[in-house]
Amino acid sequence: MKITIVLYNTLSQPHTLKRRAIIYRPEEQFAADLDAKDPLRSFRDRFLIPHTPAGKEYIYFCGNSLGLQPRTVRNALLQELEDWGNLGVEGHFHAKNPWMPYHELLAASTARLVGANVDEVVVMNSLTVNLHLMMVSFYRPTTERYKILIESNAFPSDQYAVQSQLAYHGYDPAEALIELQPRAGESFLHTDDIEALLDREGQHIALILLGGVNYLSGQAFDMKRITRAGHSHGCVVGFDLAHAAGNLRMELHTWDVDFAVWCSYKYLNAGPGAVGGCFIHQRHNTNTSLPRFAGWWGHNKEIRFLMDSTFEPAAGADGWQLSNAPVLSMSALRASMEIFDEAGMDALQAKRVLLTGYLEFLLDQIPGNAVTIITPRDTAQRGAQLSLRLAGDGKKIFGALTENGIMCDWREPDVVRVAPVPLYNTFLEVHAFAQRFQTIIRSHQL
Ligand SMILES: *Cc1c(COP(=O)(O)O)cnc(C)c1O
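Residues numbered from 1 in each chain as written. Predicted model: local features only at pLDDT ≥ 70, side-chain atom pairs only at ≥ 80, totals over all residues. Heavy atoms only, no water.

A. The site of the ligand, seen in detail. Close to the ligand lie Leu-127, Thr-128, Phe-155, Asp-158, Asp-240, Ala-242, His-243, Tyr-265 and Lys-266, which account for all nearby residues. Measuring from a nitrogen atom of the ligand, one finds a side-chain N or O atom of Asp-240 at 3.1 Å. Separating an oxygen atom of the ligand from a side-chain N or O atom of Tyr-265 is a distance of 2.5 Å. Across the shell around the ligand, the residue classes tally to four nonpolar, two polar and three charged. (Near = heavy atom within 4 Å. Polar contact = N/O pair within 3.5 Å; in protein donor to acceptor, adjacent residues only side chain to side chain. Nonpolar A, V, L, I, M, F, W, Y, C, P; charged D, E, K, R; others polar.)

And the structure:
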């Protein structure tokens with residue numbers, strides 16, 4: 001009883017979280033009590049939960065890969081289809097939500113999401129495209145300073161993007177790309193080591209590009225400290241927030257991050273291939289001398305339809321847009337962002353810390369060394385996801401998880417990523433996951 005009171009207080013006062021210890025218990029009743037006291041518990045009903053072939057709800061711990069569909073998405077999409085059907089081209093001005101300024105409907109909620117001013121964010125394109133556009137503007141190599149710093153296990157698309165940018169500027173990635181390696185025997189990075197590397201090599205580094213949360217280890221980086229360290233050495237600092245947007249509470253503006261990009265189909269639940277997002281700090285976003293790849297939607301909107309051939313960038317992040325808004329994709333994102341606005345990142349973060357902490361607690365009860373958590377134990381250095389290294393035939397164990405109604409994902413050669421998402425996952429699901437997991441591991445050890 002005492003413990004559930006702690007949870008209630010914690011969630012209503014998220015900032016006191018660190019000072020309050022929670023004592024987890026392994027009994028199922030404990031998980032049920034946590035769910036009963038969860039102020040966000042009703043949000044699960046806003047989502048469609050996939051079902052197993054036998055018709056049962058999956059335990060869906062894959063929201064870090066593709067978030068679930070909010071029930072409101074269908075009508076949001078239908079509204080645009082209807083307006084298109086009824087109005088044709090006139091929908092640009094006369095749709096219920098006119099398509100012409102459609103991206104502007106997302107600016108306020110997006111700014112809240114990442115801790116930015118409204119003119120510092122824009123929703124456009126997809127993640128990797130935005131990353132390239134940002135590097136066009138912010139990777140400005142000189143003879144002295146031309147290197148790019150990334151994590152050694154960065155997501156492949158980011159690796160390809162930076163390698164191709166280096167090559168495009170005439171550098172050999174083998175020499176100009178620095179990859180941060182964990183210490184021997186470890187699976188994530190120390191901020192101290194990043195700072196030490198910058199002390200040694202900072203004057204040659206043009207761009208630091210890290211994930212807000214690494215997709216593989218689940219490590220959340222100290223973006224504020226890394227940005228400060230990078231700037232003190234004259235580097236530009238950008239973040240790929242694919243696994244951080246909708247997962248971590250962020251203050252990109254205050255942290256003085258130069259730019260950031262993200263996708264909206266992971267924790268942001270906007271559907272497969274959903275439109276991406278982009279942050280450009282105010283310090284840069286009215287700087288018309290920065291090189292940029294331009295398109296008509298980045299042009300000053302007051303004079304866009306004069307169809308003049310001279311590009312005049314719109315003020316703010318909007319000035320980096322290329323094309324007119326993908327309205328169907330954006331309508332799904334709008335439906336999803338309404339839910340984020342209602343729940344709020346403070347409450348989501350508070351529940352996320354408890355939910356993932358509970359998963360960690362239960363996994364630690366599994367005897368032997370069949371499972372190793374490779375995500376940091378420090379809750380400030382992770383988001384919702386725990387990455388588990390499996391001993392033995394991990395792929396078989398992963399297959400058995402799926403057969404037992406659990407959706408998570410497998411990363412070669414031996415990692416299972418598990419992400420209980422605070423918007424729609426429950427403490428009882430975490431409990432059931434741990435029980436099934438332990439049973440499967442035991443049966444595979446025999
Ligand atoms: C998911 C993810 C991507 C995917 O890029 P798209 O351009 O959206 O296909 C890229 N980088 C990271 C770090 C990711 O987690």
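The structure having been displayed, the exposition proceeds.
B. The domain arrangement of the protein chain, seen in detail. Under the domain assignment used here, the protein chain contains domain 1 (2-71 + 345-443) and domain 2 (100-324). On a C-alpha basis, the centroid separation for the pair domain 1 and domain 2 is 29 Å. At the interface, 30 residues of domain 1 touch 21 residues of domain 2. Carbon and sulfur atoms supply 53% of the area that domain 1 and domain 2 bury against each other, a total of about 2100 Å² over both sides. Of all residues in domain 1, Met-345, Ile-374 and Gln-381 bury the most surface against domain 2, accounting for 24% of the area lost on that side. Run the count over domain 1 and domain 2 and you get one salt bridge. Close ionic contact of Asp-346 with Arg-249 constitutes a salt bridge, the shortest N to O distance being 3.0 Å. Inspection of the domain 1/domain 2 interface yields 14 residue pairs in polar contact (both at pLDDT 80 or more). Listed by contribution, the elements that provide at least two residues to the side of domain 1 that touches domain 2 are helix H14 (345-364) and strand S15 (415-418). Residue contributions to the side of domain 1 that touches domain 2 peak at four residues, all from H14. (Domains from an automatic or database assignment. Contact = heavy atoms within 4.5 Å. Buried area = accessible area lost by both parts, 1.4 Å probe. Salt bridge = Lys/Arg side-chain N within 4 Å of Asp/Glu carboxyl O. Helix = DSSP H or I, 4+ residues; strand = E, 2+ residues; numbered from the N terminus.)

C. Broad picture of the packing of helix H5 (residues 107-114) against helix H13 (residues 327-343). At their nearest, the axes of H5 and H13 sit 10 Å apart, and the two run at 50° to each other. Classified by the angle between their axes, H5 and H13 sit oblique to one another. Read as a crossing pair, H5 and H13 show a hand that is left-handed. Contacts between H5 and H13 pair Ser-109, Thr-110, Arg-112 and Leu-113 from the former with Met-337, Phe-340 and Asp-341 from the latter. (Axes fitted to C-alpha atoms, helices over the stretch in contact; angles between N-to-C directions. Parallel < 35°, antiparallel > 145°, perpendicular 65-115°, else oblique. Left-handed = near helix turned anticlockwise from the far one by under 90°.)

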